[in-house]
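Report on the structure
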Amino acid sequence: MTPVVPPKDAAIYGAIACADANMLPAACCALLSIRNNLRAVKVRLLLLALGAQEKEIRDIEAFASRHSLEIEILPDPTPKTDEPAFGRWSRATLARLYMDLVVPPEIDRLLYIDADAVAVAPLDALFQADLAGKALGGVDDYLMAFPEKIGRRQQRIGLQTGGRYFNAGVLLFDWQKSLESGLIRKARETFEREPARFEAHDQDVLNIAYEGNWQPVDPRFNAQT
């Protein structure tokens, strides 16, 4: 089990999902599943709704009202899709790399969840997990079970061979450390310099930015096929 440490006084927790119009319903459900699986921890629910129009915003508000949620809709910080930094990747795919531009800086710990993921068990222990002073908590990517594959990935993107590589579908950020060290910005700038280099797009560059600065958490918090 992952060690649990008491939260600091007045800690502010947040949870965020990112989605375009196609995945907004799923993202709302992901946030609802987080709220429904918390017992003691209070969390601000954030939604980075890419390109949301008035109708989508009304739909989000209606969903939140129906389920007694408070969802904070964040402005879209991503560049236009025709800018060269994106290459073949969509704005929704890369939205995590722009969270530092819009997520409230007062948040202490930020849980990112993919729009197509869902929480099915209590999450208090995850929010309060001991990150051992690191800026991020994550779960090993399934590629770690295949030494040759992960070795090729690490060599291609410039990570230390033999190290660990996390899956970016569920991530627990020490948001203050991430902002102070400019780690999200570093990941974004790394991608923008060589977008064609990264087979796993934002997951690769997040691993580069947080190399040596992330703590493994219990694998049950990010089950992968």
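Relevant structure appears above.
Residues numbered from 1 in each chain as written. Predicted model: local features only at pLDDT ≥ 70, side-chain atom pairs only at ≥ 80, totals over all residues. Heavy atoms only, no water.

Attention now goes to the packing of helix H7 (residues 183–193) against helix H8 (residues 201–209). At a minimum axis separation of 8 Å, H7 and H8 run at an interaxial angle of 125°. As summarised for this structure, H7 and H8 are arranged oblique, according to the angle between their axes. At the point where H7 passes H8, the crossing takes the right-handed sense. Of H8, the residues touching H7 (which contributes Leu 183, Ile 184, Lys 186, Ala 187, Thr 190 and Phe 191) are His 201, Val 205, Leu 206, Ile 208 and Ala 209. Counted by class, the contact of H7 with H8 contains 8 nonpolar, 2 polar and 1 charged residues. (Axes fitted to C-alpha atoms, helices over the stretch in contact; angles between N-to-C directions. Helix = DSSP H or I, 4+ residues; strand = E, 2+ residues; numbered from the N terminus. Parallel < 35°, antiparallel > 145°, perpendicular 65-115°, else oblique. Left-handed = near helix turned anticlockwise from the far one by under 90°. Contact = heavy atoms within 4.5 Å. Nonpolar A, V, L, I, M, F, W, Y, C, P; charged D, E, K, R; others polar.)

Looking now at the pairing of strand E3 (residues 71–74). Looking along a regular strand, one sees the side chains alternate between the two faces of the sheet. Strand direction decides the pairing type here: strand E2 (residues 43–49) and E3, joined by 4 bridges, are parallel. By the bridge assignment, Leu 47 is partnered in E3 with Ile 73. Crossover connection from E2 via helix H2 (residues 54–66) to parallel E3: handedness right-handed. (Pairing = 2+ DSSP bridges. Right-handed = clockwise from strand over helix to strand, strands pointing away.)

A complete count under the given rule lists 1 cavity of 30 Å³ or more for this structure. Of the pockets and cavities examined, the largest cavity occupies roughly 30 Å³. Every residue along the wall of the largest cavity is listed here: Leu 126, Gly 137, Gly 138, Val 139, Val 170, Leu 171, Leu 172, Val 217, Phe 221 and Asn 222. Mapped onto the lining of the largest cavity, the elements with two or more residues apiece are strand E5 (136–140) and strand E6 (166–174). Of the residues belonging to the lining of the largest cavity, the class tally is 7 nonpolar, 3 polar and no charged. (1 Å grid on protein atoms, 1.4 Å probe; cavity = no way out; pocket = protein on both sides within 12 Å on 5 of 7 lines; lining within 4 Å. Points joined across faces, edges and corners; volume = space filled by probe spheres on them.)

To continue, consider the pattern of salt bridges. Counted under the stated rule, the structure contains 14 salt bridges. Across the salt bridge formed by Glu 54 and Arg 58, the nearest N and O atoms sit 3.2 Å from each other. Placement of the pair is Glu 54 and Arg 58 together in helix H2, with a separation of 4 residues, close to one helical turn. Residues joined by salt bridges that share partners form a network here, namely Arg 44, Glu 72 and Glu 106. (Salt bridge = Lys/Arg side-chain N within 4 Å of Asp/Glu carboxyl O.)

Under the criterion given, the structure shown has 5 aromatic pairs. A ring pair is formed by Phe 173 and Trp 175, whose centres lie 5.7 Å apart and whose planes are at 85°; its orientation type is edge-to-face. Phe 173 gets classed as buried once you look at its relative accessible area, which sits at 1%. Clustering of aromatic rings is evident, with ring pairs tying together Phe 173, Trp 175 and Tyr 210. One Lys or Arg, Lys 149, reaches over the ring of Phe 146 and ends 4.9 Å from the middle of that ring. (Phe/Tyr/Trp six-rings, centres within 6.5 Å; stacked < 30°, edge-to-face > 60°. Buried < 20%, exposed > 50% of the residue type's maximum accessible area, 1.4 Å probe, protein only. Lys NZ or Arg CZ within 6 Å of the ring centre and 35° of its normal.)

A word on the packing of helix H1 (residues 24–36) against H2. One can describe the packing of H1 onto H2 by two numbers: an axis separation of 11 Å at closest approach and a directional angle of 25°. Taken together, the axes of H1 and H2 are roughly parallel relative to one another. Judged by the sense of rotation from one axis to the other, the crossing of H1 with H2 is right-handed. For the pair H1 and H2, the contacting residues are Leu 24, Cys 28, Cys 29 and Leu 32 in the first and Glu 56, Ile 60 and Phe 63 in the second. Along the lines of polarity and charge, the residues of the contact of H1 with H2 split into 6 nonpolar, no polar and 1 charged.

Among the residues making up helix H5 (residues 147–157), those that are buried are Ile 150, Gly 151, Arg 153, Gln 154 and Ile 157. With its buried residues spanning 165° around the axis, H5 presents them on a single face. Exposed side chains of H5 directed beyond 90 degrees from the buried face belong to Glu 148 and Gln 155. Elements in contact with the buried residues of H5: H8. Downstream of H5 by one or two residues, Gly 158 has phi in the positive range, about 90°. (Arc of directions from axis to C-beta.)

Positionally, Asn 37 belongs in the loop between H1 and E2. Among the polar contacts made by the side chain of Asn 37, one reaches the main-chain carbonyl oxygen of Ser 33 at a distance of 2.8 Å. A polar contact of 3.3 Å, which involves the side chain of Asn 37, links it to the backbone nitrogen of Ala 121. Sequence-distant contacts of Asn 37, that is, excluding residues within four places in its chain, are made with Ala 119, Val 120, Ala 121, Pro 122, Leu 123 and Asp 124. (Polar contact = N/O pair within 3.5 Å; in protein donor to acceptor, adjacent residues only side chain to side chain.)

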